[in-house]
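Structure at a glance
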Amino acid sequence: MTTPATQATLSELENHGEFIARHIGPDDTGTAQMLKAIGATSLDDMIQQVAPASIRKNALLDLPAAMSEAEALAEMRRMAGRNKVLKSYIGQGYYGTHTPGVILRNILENPAWYTAYTPYQPEISQG
């Protein structure tokens, strides 16, 4: 604990346990308390109570083995390599032109030309 006269270190300011509590989920004690509150004896019992049998899948999912981050990135690169790079014809017929700065500033960059906002004008609103 630090006093107002001292500066806390970074390790003192970090709360490593907070991540686990927020993202990993409840521990066995917390799970037991929740199950007791809803009247279920186990997580499987809770699922039986809340999910209709017609939509539950009892068989295990046929998932491939887990990959490391490097393997997953290599697989995504392999899949992305199958993409075809096609030519876009959007904008054909448009030719680059020079627009003078005064036009850019006063028309194209002026929000009054392209927004529905009307500034407050008391003399008009009061008749």
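Comments concerning the pattern of salt bridges
Taken as a whole and assessed by the stated rule, the structure comprises 1 salt bridge. Salt-bridge contacts for Arg 78 lead to Glu 75; the nearest nitrogen and oxygen are separated by 2.6 Å. Taken together, the positions of Arg 78 and Glu 75, both in helix H5 (residues 69-80) and 3 residues apart, correspond to about one turn of that helix. Judged by its relative accessible area of 42%, Arg 78 is partly exposed.

Overview of the confidence of the model for the protein
Residues at a pLDDT of 70 or more form 79% of the protein, whose mean pLDDT is 81. The least confident element of the protein, judged by mean pLDDT, is helix H7 (residues 122-125) at 53; the most confident is H5 at 94.

Quick notes on a nonpolar patch on the surface
Side chains of Val 102, Ile 103, Ile 107, Leu 108 and Trp 113 sit close together on the surface and give an oily, nonpolar patch of about 490 Å² of accessible area. Take Ile 103: it is sitting in helix H6 (residues 101-108).

Quick look at the packing of helix H3 (residues 28-38) against helix H4 (residues 43-50)
At a closest axis distance of 10 Å, the pairing of H3 and H4 adopts a crossing angle of 35°. Where H3 crosses over H4, the two elements pack in a sense that is left-handed. Mapping the contact onto sequence places Thr 31, Leu 35 and Ile 38 in H3 and Leu 43, Met 46 and Gln 49 in H4. Looking at the contact of H3 with H4 residue by residue, the classes come out as 4 nonpolar, 2 polar and no charged.

Structural notes on the side chain of Thr 31
Within the secondary structure, Thr 31 sits in helix H3. Among residues more than four places away in sequence, those in contact with Thr 31 are Pro 26 and Leu 43.

So, how was this worked out
- Residues numbered from 1 in each chain as written.
- Predicted model: local features only at pLDDT ≥ 70, side-chain atom pairs only at ≥ 80, totals over all residues.
- Heavy atoms only, no water.
- Salt bridge = Lys/Arg side-chain N within 4 Å of Asp/Glu carboxyl O.
- Helix = DSSP H or I, 4+ residues; strand = E, 2+ residues; numbered from the N terminus.
- Buried < 20%, exposed > 50% of the residue type's maximum accessible area, 1.4 Å probe, protein only.
- pLDDT = per-residue confidence, 0-100.
- Patch = residues over 30% accessible without salt bridge, like charges linked within 9 Å, V, L, I, M, F, W, Y side chains within 5 Å.
- Areas by Shrake-Rupley, 256 points an atom, 1.4 Å probe, with all protein chains shown as cover.
- Axes fitted to C-alpha atoms, helices over the stretch in contact; angles between N-to-C directions.
- Left-handed = near helix turned anticlockwise from the far one by under 90°.
- Contact = heavy atoms within 4.5 Å.
- Nonpolar A, V, L, I, M, F, W, Y, C, P; charged D, E, K, R; others polar.

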